[in-house]
Amino acid sequence: GQNIDQPTEMTATEGAIVQINCTYQTSGFNGLFWYQQHAGEAPTFLSYNVLDGLEEKGRFSSFLSRSKGYSYLLLKELQMKDSASYLCAVRSFHGSSNTGKLIFGQGTTLQVKP
Amino acid sequence: ETGVTQSPTHLIKTRGQQVTLRCSSQSGHNTVSWYQQALGQGPQFIFQYYREEENGRGNFPPRFSGLQFPNYSSELNVNALELDDSALYLCASSPERSTGELFFGEGSRLTVL
């Protein structure tokens, strides 16, 4: 089967660092994505990992371990505007298009407090 | 560059009715996928269209159907609406040669009474 687990809610303080974990079980793994979704808005792309290791992009970093079926998203220097839902998604390759479908976790709602 | 646009943004239907949701993909993107997002949940894959053909389907019944047009815009049709169909319907497009990053529209919020 295909399953993605991430915590439902997290709270952190402005200026701090927070790590959001994601574990997955899926067939045909072809990359892991993190998306940010503010309430009432569309998900927006944050990061993509297909090989093991850390990808850094400004205040955001994402890590992948394929052997462990594990990823995390690290947010540094938290700002109030980072309060949002963070979605972990695994790409399952299929079909004749090279994009495949994304299997999303339920999302982690992060609340940043002053 | 125009992003992904969806219409309508909000709509209310009653059980048994039919609904059509529309999506214009981002310029240069030939792949469109549709997702259903229930409140408090992550998006669930409905289906994907590539060059006007359905190219993969999630665990949704046949009353969920779609089309992709030559300009790569797309429609999602849902027949015989049920209360559980109430959700945010997201359209996402992507270019053919990409890492698979999806560009989402703002969604259509459907309420079934």
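Residues numbered from 1 in each chain as written. Chains lettered and ligands numbered in written order. Predicted model: local features only at pLDDT ≥ 70, side-chain atom pairs only at ≥ 80, totals over all residues. Heavy atoms only, no water.

Draft legend 1. Here's a closer look at the overall build of chain A. Counting secondary structure elements, chain A contains zero helices and 11 strands. Overall, chain A shows an N-to-C arrangement of helices and strands of β-β-β-β-β-β-β-β-β-β-β. Here chain A has a C-alpha radius of gyration of 14 Å; the compact-globule value for 114 residues is 13 Å, and the two agree. The dimensions of chain A, computed from C-alpha atoms along their principal axes, are 45 × 30 × 25 Å. Put simply, chain A has 114 residues, and 49% of those count as buried. Sequence-distant contacts in chain A: of pairs separated by 6 or more residues, those separated by 24 or more amount to 56%. As displayed, chain A has an accessible area near 5300 Å², and 48% of this comes from carbon and sulfur atoms. Here chain A contributes 9 positively and 9 negatively charged side chains, and the mean placements of these two sets differ by 5 Å. (Helix = DSSP H or I, 4+ residues; strand = E, 2+ residues; numbered from the N terminus. Rg over C-alpha atoms; globule rule 2.2 N^0.38 Å. Buried < 20%, exposed > 50% of the residue type's maximum accessible area, 1.4 Å probe, protein only. Contact = heavy atoms within 4.5 Å. Areas by Shrake-Rupley, 256 points an atom, 1.4 Å probe, with all protein chains shown as cover. Lys, Arg positive; Asp, Glu negative; His and termini not counted. Charge placed at Lys NZ, Arg CZ, Asp CG, Glu CD.)

Draft legend 2. Representation of the interface of chain A and chain B within the structure. Taken together, the 23 residues of chain A in the interface contact 28 residues of chain B. Regarding the contact of chain A and chain B, the summed buried area is about 1900 Å², with carbon and sulfur atoms giving 51% of it. Put simply, chain A and chain B have zero salt bridges between them. Linking chain A with chain B are four residue pairs in polar contact (both at pLDDT 80 or more). Partitioning the side of chain A that touches chain B into residue classes produces nine nonpolar, 11 polar and three charged. (Buried area = accessible area lost by both parts, 1.4 Å probe. Salt bridge = Lys/Arg side-chain N within 4 Å of Asp/Glu carboxyl O. Polar contact = N/O pair within 3.5 Å; in protein donor to acceptor, adjacent residues only side chain to side chain. Nonpolar A, V, L, I, M, F, W, Y, C, P; charged D, E, K, R; others polar.)

Draft legend 3. Here's a closer look at the packing of aromatic side chains. Scanning the model with the defined rule gives 16 aromatic pairs over all chains in all. Where A:F33 meets A:F45, the ring centres are 6.3 Å apart and the plane angle is 65 degrees; that geometry is what we call edge-to-face. Pair noted here: A:F33 is in strand β4 (residues 29-37) and A:F45 is in strand β5 (residues 44-49), with a separation of 12 residues, a long-range link. Between A:F104 and B:Y35 the ring centres are 5.6 Å apart and the planes differ by 90 degrees, which places this aromatic pair in the edge-to-face class. With A:F104 in strand β10 (residues 101-104) and B:Y35 in strand β4 (residues 31-37), the pair connects residues from two separate chains. Here the aromatic residues A:F33, A:Y35, A:F45, A:Y48, A:F104, B:Y35, B:F45 and B:F104 are joined through ring pairs into a cluster of three or more. (Phe/Tyr/Trp six-rings, centres within 6.5 Å; stacked < 30°, edge-to-face > 60°.)

Purely geometric stuff here, so don't read any function into it on its own.
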